[in-house]
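# Structure at a glance
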Amino acid sequence: MQHFRSRRPSARLLVPAAVLATALVAPAVASAEITTTTVTSPAPGTVLQGTVFVNVGGAGTTARTTTVTGTAPGAADGETVDLVCDVRFYGRSQVVEVSQGPVPVADGRFSSSTVVVPQLPCTLRAIPTDEGVGNDDALTPAQQAAFTGPPILAGQYTAYRFQPGGDTPNVFTQTSQGQAGGVAQYNSASLPFSLGGGGAGSGGGLAVSYTAEDTNLRGVFYGSASLSRFGAPAARSRARTSARDVPDAVDLADAGMVVDGRAALPLFQTVTGEFSSVVSQAVDPVTGDLTIVETAPVVFTGDPGALTSTGVRLRRTIVQDHAGRQTTFRDTLESADGDGHRVELRYSQGVMPSQVTGPLDLVQTAPPAFRVPWSSEAYATPAAGDAIPAAPAGPATIYAHAPQFGAPGDTGAVGAGPEGAFTFDAAPSDGRFLSPSSFVIRFVRDVPAGGSTSLRHVYSQDPTQEGLERLVDDALGRTRPGAPATPAPVAPLPGSAPLPSAPAPTPPVSFLDPTERLSLAARGLLLKPRLARYVRDGRRSSVVLSRAPAGRYTVAIRRYVKNGRTLASGATTRTSTGTVKIALRRSRYGARYLDGKRRRGETQVKVRVEVTYTAPGRRTTRVKKIRVVAFR
């Protein structure tokens with residue numbers, strides 16, 4: 001589960017209503033502290049979307065901002081507030097900072113025009129700077145009551161441009177849009193593995209989704225609609241008892257696609273220089289409905305040195321609507337070389353897994369359960385390797401009770417949480433569960449010479465089974481004007497054309513700048529008090545970054561003062577793509593400074609985290625972030 005990152009706030013008592021009322025009419029006192037704030041703009045329910053573009057080598061990054069204003073009754077001029085967005089996951093508060101530094105109060109008011117648009121729907125709040133609230137902190141009920149603001153429908157669009165001379169983005173990653181009933185995050189179908197999330201099929205598709213009720217988010221889908229590698233080791237975890245025990249869908253290499261009998265996948269570029277493209281991306285400013293159109297070449301992956309075109313191109317349209325409760329993917333496979341092709345699509349699908357990543361202390365209180373109507377009318381929690389048989393002709397829907405999460409010690413009942421449904425406009429050939437929360441499902445299509453074929457799949461989510469059924473009815477009844485008819489499933493590929501036994505190789509992505517991920521990894525180390533203490537005490541600690549391209553990596557932690565000296569740092573060089581592990585060591589100054597903190601019993605320090613990356617033959621890129629490190 002992809003949450004924001006964190007610190008723990010200090011609790012404050014809720015100011016009695018009578019005191020607040022007096023503060024509204026009494027003249028400001030020069031030494032008055034901030035006890036209550038109200039964000040007055042933007043208006044409740046405002047649809048916002050931030051934008052970040054990253055060019056070749058990571059240069060030219062821009063972020064979209066918005067203006068936030070509000071009041072702080074009785075506050076002295078010169079006091080400051082931090083603007084945050086308060087997200088609720090399973091009823092628990094989680095904060096992300098959106099102001100770029102403290103915002104001053106003057107005449108009981110504050111305003112900032114450089115507020116970064118959040119990624120998820122949340123409540124805007126202004127917290128006094130001395131409260132010490134930072135990313136991933138949980139606000140107390142008293143803080144939520146004293147510092148109020150509007151719920152907004154936020155989202156973010158992050159796009160990468162790496163085609164030389166190109167003006168349009170080639171891929172997008174962690175694009176999200178919040179609506180009143182739900183929110184989802186998406187990755188490009190052609191996303192390189194090093195930019196994709198984990199889970200069933202790292203790569204493109206529906207990364208994660210949540211239902212939203214009064215800004216309270218609960219997870220439903222995870223790692224779905226992906227045509228990247230689906231994780232064959234998980235599917236092979238149980239013993240094979242006969243040749244018929246494991247269907248072709250998961251008994252071959254874990255390729256997301258098969259074209260003319262060979263392993264394939266959509267990718268951002270072919271060896272001959274054909275690129276993927278984000279054709280269009282739009283958000284309705286009133287409803288928040290999202291539409292993205294992208295295209296990508298499909299390449300063979302059996303030979304790491306020759307990512308050659310298969311002669312097939314994927315055109316994918318993503319539509320999020322129904323107040324965020326439904327997402328539709330329409331995948332069109334086009335003949336790019338004028339020839340006909342046999343194509344096998346292996347979609348990774350899933351709901352939230354049992355392991356939740358992020359700072360919130362959440363555990364699974366009820367596992368997921370699935371219902372495959374053409375196999376059984378009962379919901380059941382599957383095991384890795386359980387088969388999904390071929391479905392009858394016509395549209396098909398697989399239903400899911402999403403898993404539940406809560407604080408340690410909580411209990412929950414299966415089926416008590418959000419409901420999900422995977423709807424396909426044609427019957428799948430077969431499939432298999434990869435884990436208790438994910439499965440791969442297979443479709444076989446013929447792409448006519450010079451023509452195309454399409455497959456539509458719809459992801460519906462709702463807090464209730466009744467609401468879900470209405471969404472599924474809409475999915476089954478919805479037709480797009482002029483859309484070509486989807487042909488009926490054809491016979492599986494013959495056994496004489498097996499896939500390579502080796503997994504599909506990871507494509508080279510050394511030109512993609514990893515500094516932002518490196519910065520997140522460095523800050524993630526400092527988020528955990530136990531690991532932060534390791535840095536403070538000079539014990540062994542490292543920043544780890546997986547799927548890192550070749551190059552020189554450095555991490556430095558400096559005091560957040562003018563010309564702040566280095567407290568700890570580390571550097572390493574990789575000559576090929578792989579995992580980077582940067583050992584951090586205290587400087588002599590850092591040892592004296594941090595040892596003094598420990599002796600005085602001080603539990604936090606404000607630092608600037610600086611990371612740099614130098615790719616072979618390219619210039620150095622740098623990212624700087626500010627945070628408060630807690631050693632408790």
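Structure's up top.
Okay, so let's go over this structure. Please read all numbers here as calculations on a predicted model, not as lab measurements. (Residues numbered from 1 in each chain as written. Predicted model: local features only at pLDDT ≥ 70, side-chain atom pairs only at ≥ 80, totals over all residues. Heavy atoms only, no water.)

## With respect to the overall build of the protein chain
Counting its regular elements, the protein chain contains eight helices and 39 strands. Looking at the protein chain residue by residue over its 632 residues, the buried ones come to 55%. Contacts spanning at least 24 positions in sequence make up 71% of the contacts within the protein chain whose residues lie at least 6 apart. (Helix = DSSP H or I, 4+ residues; strand = E, 2+ residues; numbered from the N terminus. Buried < 20%, exposed > 50% of the residue type's maximum accessible area, 1.4 Å probe, protein only. Contact = heavy atoms within 4.5 Å.)

## Concerning unusual backbone geometry
Where the residue is not glycine, phi is negative for most of them; where a peptide bond is considered, it is trans in most cases. Backbone torsion omega between Ser41 and Pro42 reads 10 degrees, so that peptide bond is classified as cis. Here Pro42 shows up in the loop between strand 1 (37-41) and strand 2 (50-54). Located in the positive-phi region is Thr215, a residue other than glycine, with phi close to 65 degrees. With respect to the helices, strands and loops of the structure, Thr215 is situated in the loop between strand 16 (205-213) and strand 17 (216-224). Positive phi is not limited to glycine here, since Asp260 has a value of about 55 degrees. Along the chain, Asp260 turns up in the loop between strand 18 (257-259) and strand 19 (262-266). Note on Asp260: relative accessible area 39%, which makes it partly exposed.

## Regarding the nonpolar core
Core analysis: the largest hydrophobic core is formed by 45 residues, its most contacted members being Leu345 and Phe422. Core analysis: the next-biggest nonpolar cluster, separate from the first, contains 35 residues, Cys85, Ala126, Val208 and Leu362 among them. (Core = buried A, V, L, I, M, F, W, Y, C linked by side-chain atoms within 4.5 Å.)

## Concerning helix 7 (residues 529-537)
Listed as buried for helix 7 are Leu531, Ala532, Tyr534, Val535 and Arg536. Of the residues one or two after helix 7, Gly538 is the one with positive phi, at around 80 degrees.

## A word on the sheet that holds strand 8 (residues 109-116)
The strand order across the open sheet formed by four strands is 8-4-1-10, and the pairing between neighbours is mixed. Each edge of the open sheet is held by one strand with a lone partner, namely strand 8 and strand 10 (147-148). Taken together, the two bridges between strand 1 and strand 10 define a ladder with parallel strand orientation. What sits directly across from Thr38, in strand 10, is Thr148. (Pairing = 2+ DSSP bridges.)

## Examining the environment of Val208
Mapped onto the secondary structure, Val208 falls in strand 16. We classify Val208 as buried; its relative accessible area is 0%. When the C-alpha atoms of Val208 and Gln174 are compared, they prove to be 9.2 Å apart, with 34 residues separating the residues in sequence.

## Description of the packing of helix 7 against helix 8 (residues 588-599)
The interhelical angle for the contact between helix 7 and helix 8, taken along N-to-C directions, is 120 degrees, at an axis separation of 8 Å. In this view, helix 7 runs oblique relative to helix 8, as classed from their interaxial angle. In this structure, helix 7 uses Val535, Arg536 and Asp537 to contact helix 8, whose residues at the interface are Leu594, Asp595 and Arg598. Here the contact of helix 7 with helix 8 is built from residues that sort into two nonpolar, no polar and four charged. (Axes fitted to C-alpha atoms, helices over the stretch in contact; angles between N-to-C directions. Parallel < 35°, antiparallel > 145°, perpendicular 65-115°, else oblique. Nonpolar A, V, L, I, M, F, W, Y, C, P; charged D, E, K, R; others polar.)

## Focus on the state of the cysteines
The full count for this structure, using the stated rule, is one disulfide. Bridging Cys85 to Cys122, the disulfide has an S-S length of 1.8 Å. Torsion about the S-S bond of the Cys85 and Cys122 cystine: about 75 degrees, corresponding to right-handed handedness. Here Cys122 lies in strand 9 (residues 122-128) and Cys85 lies in strand 5 (residues 80-89), a separation of 37 residues in the sequence. Residue classification places Cys85 among the buried positions, given a relative accessible area of 0%. (Disulfide = S-S within 2.5 Å.)

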